[in-house]
Amino acid sequence: VIAVFDIVVIVLAVAAFCIETLPQYHASIREGWEENSTAAVFFGIEASCMIIFTVEFLLRVISCPNKIQFCKGLLNIIDLITILPFYVTLSLAKEAALDSFVVL
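Residues numbered from 1 in each chain as written. Predicted model: local features only at pLDDT ≥ 70, side-chain atom pairs only at ≥ 80, totals over all residues. Heavy atoms only, no water.

## A look at the pattern of salt bridges
Pairing between side chains of opposite charge can happen when their charged atoms approach one another. Convention followed: Note on definitions: salt bridges are taken to be side-chain nitrogens of Lys or Arg within 4 Å of carboxyl oxygens of Asp or Glu. We count a stretch as a helix when DSSP gives it H or I for four or more residues in a row; a strand needs E for two or more, and each element gets its number in order from the N terminus. To sort residues, take the accessible area from a 1.4 Å probe on protein chains only and compare it with the maximum for the residue type: under 20% means buried, over 50% means exposed, and anything in between is partly exposed.
The final tally for this structure, using the stated rule, is 2 salt bridges. One salt bridge connects glutamate 56 with arginine 60, and the closest N-O pair in it is separated by 3.0 Å. Here the residue glutamate 56 and the residue arginine 60 both occupy positions in helix H3 (residues 37–63), the gap between them amounting to 4 residues, near one helical turn. Residue class for glutamate 56 comes out partly exposed when judged on its relative accessible area of 25%. The closest approach of N and O atoms between aspartate 79 and arginine 60, which form a salt bridge, is 2.5 Å. With aspartate 79 in helix H5 (residues 74–91) and arginine 60 in helix H3, the pair connects residues that are 19 residues apart, well separated along the chain. Taking relative accessible area as the criterion, arginine 60 reaches 24% and is therefore assigned partly exposed. Linked by salt bridges that have partners in common, Glu56, Arg60 and Asp79 make up one network.

## Digging into the environment of phenylalanine 86
To keep it simple, the criterion reads: Note on definitions: a residue-residue contact is assigned when non-hydrogen atoms from the two residues lie within 4.5 Å.
Tracing the backbone shows phenylalanine 86 in helix H5. The buried category is assigned to phenylalanine 86, whose relative accessible area is 8%. Through-space distance from the C-alpha of phenylalanine 86 to that of glutamate 46 is 8.7 Å; in sequence the pair is 40 residues apart. Sequence-distant contacts of phenylalanine 86, that is, excluding residues within four places in its chain, are made with Phe43, Glu46, Ala47 and Met50.

## Topic: the packing of H3 against H5
Two quantities define a packed helix pair, namely the angle between the axes and the distance from one axis to the other. To keep it simple, the criterion reads: Comment: axis = line fitted to C-alpha atoms, over the contacting stretch for helices; angle = value between 0 and 180 degrees taken between N-to-C directions. The cut-offs work like this: below 35 degrees is roughly parallel, past 145 is roughly antiparallel, 65 to 115 is roughly perpendicular, and the gaps in between are oblique. Crossing chirality is assigned from the near helix's rotation relative to the far helix, an anticlockwise turn below a right angle marking it left-handed and a clockwise turn marking it right-handed. Throughout this entry, Asp, Glu, Lys and Arg are counted as charged residues, while Ala, Val, Leu, Ile, Met, Phe, Trp, Tyr, Cys and Pro are counted as nonpolar. The remaining residues, Gly among them, count as polar.
Contact geometry of H3 with H5 gives a least axis separation of 10 Å together with a crossing angle of 135°. Overall, the two elements H3 and H5 adopt an arrangement that is oblique. The chirality of how H3 crosses H5 is left-handed. On H5, the residues touching Phe43, Glu46, Ala47, Met50, Ile51, Phe53, Thr54, Phe57 and Arg60 of H3 are Asn76, Asp79, Leu80, Thr82, Ile83, Phe86, Tyr87 and Leu90. Residues that form the contact of H3 with H5 fall into these classes: 11 nonpolar, 3 polar and 3 charged.

## Considering H3
Rule in force here: Here a helix's expected span is defined as the number of its residues, less one, multiplied by 1.5 Å.
When the terminal C-alpha atoms of H3 are compared, their 39 Å separation across 27 residues agrees well with the 39 Å that a helix rising 1.5 Å per residue should span. Within the span of H3, buried status applies to Ala39, Phe42, Ala47, Cys49, Met50, Phe53, Thr54 and Phe57.

## Details of the state of the cysteines
Rule in force here: Cysteine sulfur atoms that come within 2.5 Å of each other are treated as a disulfide pair.
For the structure on display, the rule yields 0 disulfides. You can see cysteine 71 has no disulfide; the closest cysteine sulfur is in cysteine 64, sitting 8.0 Å from it. Taking the relative accessible area as the measure of exposure, cysteine 71 reaches 53% and is therefore exposed.

Now the structure itself:
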C-alpha cells in the first residue's frame, strides 16, 4: 500500500513538473506564486510531494539499524540529492541566481 502511494506521488510530481514547463505557464510562474494562482498550485503540488518524500526518507533513516551502511547506499544518496535542492531553493528564495539550480 505504501509503495503504491509512493508511486502515485512520484507520478504526480513528475506530471506537475512536466506541465509546469509548458510555454503557456512560463509567464505566470515567473510572476511568482504570491501573485498568481497557477504558480501557487504548482508550488503546492511540489511542496506537498517533497514533504512526503522527506518524511518517507527520514522514516527510512530512523528505522535503519545500520546508519553508516544506509548512508553508503546508492539509492539513498540519490534520494537525498533529489530532496535537497527543494529545501536549498526554498531557504534562498530571494536569490535571483537560483533559477538554474531548480532544474538540477
